[in-house]
Amino acid sequence: MTNTVSIREVAPRDGLQNEEPIPTDNKVRLIDALSRTGVRRIEAVSFVHPRAIPQMADADEVWARSWHNPDVRYSALIPNTRGAERAIRAGFKEIEVVVSASDTHNRRNLNRSTEESLDDITGLIPLIHEAGAKLEVIVATSFGCPFEGDIDPKRVASIVERVRADGADRIAFGDTTGMATPRRVRDLLSEVRPDLLHFHNTRGTGLANVLTALDLGITEFDASVGGIGGCPYAPGASGNIATEEVVHMLEDMGIDTGIDLEELIRVAELAEGLLGRTLPSGVLRAGPRARLV
């Protein structure tokens, strides 16, 4: 098994998009605090129409006011060409776009079919590359869809084959509503492999899925401090895996993430205060196993 794992912190974008909108100042505080934890990748904002995701309406201001740690790679999510142009103007060199393996979810999320989204991505790739940036394609509902049920791994593989042929730089698989289990992870990864995995803990299988993927050689994962996040266009899509829970488990296994766990827990406490509700992370509640009372 690997000795190192790379974690992309997604709370500022994926986490906050499923919460009640919070002030710009608080979003900046969260990004700045995360930038001091040792995490090397942060998904900072998404450039989406405010009618679609009002929580991201201030994305330009949040990014302009945030501290950009030179040791951290920051990325932005975009839905279309207009979003890509905004991300490029803001100076992002790592950009993400989502397409759902489920056609129904894609229509709910993006108001177009999966095939239409793939056509859009074909046009986005040269635009992003010409700006000196890289594009990651996130295949949502890779492990199942609340509208369509199980997703055939071969369908996910066909999407990956197309976007790689079109020039996508990276591929991620999203467990949009927490339908992944270790069995489903093995089934999909035996068919096609991504660069990164994005798991939810909606049904309590998040860490088990991470362990399964590690056994299969995957070393890059998304996680969200405090376990916040989800998809506003899919019922029951609460609960990204909590960053501090992943780091706590990996640290005990001798796997290095470069992240300061105690500092990360302090950021989870900050996030809980900013959101004004109890967050689902067990490590936030109980602390690390080695912490004495």
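Residues numbered from 1 in each chain as written. Predicted model: local features only at pLDDT ≥ 70, side-chain atom pairs only at ≥ 80, totals over all residues. Heavy atoms only, no water.

Colleague: Describe the pattern of salt bridges, naming the residues involved and giving the relevant values.
Modeller: Side chains that differ in sign of charge can pair as their charged atoms come close. Scanning the model with the defined rule gives 29 salt bridges in all. Here Arg170 and Glu136 are joined by a salt bridge, their closest N and O atoms 3.1 Å apart. Linking Arg170 in strand E6 (residues 170-174) with Glu136 in strand E5 (residues 134-140), this pair joins segments that are 34 residues apart in sequence. By relative accessible area, which is 16% here, Arg170 ends up buried. In this structure, Glu220 and Arg170 form a salt bridge, with 2.8 Å as the shortest nitrogen-oxygen distance. Linking Glu220 in strand E8 (residues 220-223) with Arg170 in strand E6, this pair joins segments that are 50 residues apart in sequence. Of the two residues, Glu220 and Arg170, neither departs from the other in class, the shared state being buried. Because the salt bridges share partners, they merge into one network encompassing Arg8, Arg41, Arg73, Glu94, Glu96, Glu136, Arg170, Glu220 and Asp222. (Salt bridge = Lys/Arg side-chain N within 4 Å of Asp/Glu carboxyl O. Helix = DSSP H or I, 4+ residues; strand = E, 2+ residues; numbered from the N terminus. Buried < 20%, exposed > 50% of the residue type's maximum accessible area, 1.4 Å probe, protein only.)

Colleague: Got a sec to walk through the pairing of E8? Specific residues and values, please.
Modeller: Burial along E8 is two-sided: the residues Glu220 and Asp222 and Phe221 and Ala223 are all buried. The pairing of strand E1 (residues 6-9) with E8 spans four bridges and is classified as parallel. Paired with Ile7 across the strands is Phe221, a residue of E8. Here strand E7 (residues 196-198) runs beside E8; their pairing, made up of two bridges, is parallel. Along E8, the bridge assignment pairs His198 with Asp222. (Pairing = 2+ DSSP bridges.)

Colleague: Tell me about the nonpolar core, residues and numbers included.
Modeller: Of all hydrophobic cores here, the largest spans 86 residues; its most connected members are Phe92, Phe173 and Phe199. Ranked by the residues each element gives to this core, the list is headed by helix H11 (residues 261-275), at nine residues. Sequence-distant contacts of Phe199, defined by excluding residues within four places in its chain, comprise Phe143, Asp175, Ala180, Val185, Gly206, Asn209, Val210, Ala213, Phe221, Asn240 and Ile241. Judged by nonpolar contacts, the second largest core, of six residues, contains Leu77, Ile138, Ala140 and Ala172. (Core = buried A, V, L, I, M, F, W, Y, C linked by side-chain atoms within 4.5 Å. Contact = heavy atoms within 4.5 Å.)

Colleague: For helix H4 (residues 81-90), give the residues involved together with the corresponding values.
Modeller: Taken together, the buried positions of H4 are occupied by Gly83, Ala84, Arg86 and Ala87. In a view along the axis of H4, the buried residues occupy a sector of 160°, so they form one face of it. Structural note: H4 exposes Arg82 and Arg89 on the side pointing more than 90 degrees away from its buried face. Its buried side turned inward, H4 meets helix H3 (59-65), strand E3 (73-78), strand E4 (94-100) and helix H6 (114-130). Immediately beyond the C-terminal end of H4, within one or two residues, lies Gly91, with a positive phi of roughly 95°. (Arc of directions from axis to C-beta.)

Colleague: Can you tell me about the sheet that holds E6, naming the residues and giving the values?
Modeller: Strand order in the closed barrel formed by eight strands is E1-E2-E3-E4-E5-E6-E7-E8, with parallel pairing between adjacent strands. For this sheet, the mean angle separating the axes of adjacent strands, direction not counted, is 30°. Here seven bridges tie E4 to E5, and the two strands are oriented parallel to one another. Paired with Glu96 across the strands is Glu136, a residue of E5. Lying on the sheet, helix H10 (residues 243-252) is in contact with E1 and E8; it crosses E1 at an angle near 165°. (Axes fitted to C-alpha atoms, helices over the stretch in contact; angles between N-to-C directions.)

Colleague: Just give me the short version of the pairing of E5, but keep the residues and values in it.
Modeller: Burial analysis of E5 places six of its seven residues in the buried class, which makes it a mostly covered element. As paired elements, E5 and E6 share four bridges and run parallel to each other. Residue Ile138 lies in a different strand from E6, and its bridge partner there is Ala172. In this region the chain leaves E5, passes through helix H7 (residues 153-166) and returns to the parallel neighbour E6; the handedness of that crossover is right-handed. (Right-handed = clockwise from strand over helix to strand, strands pointing away.)

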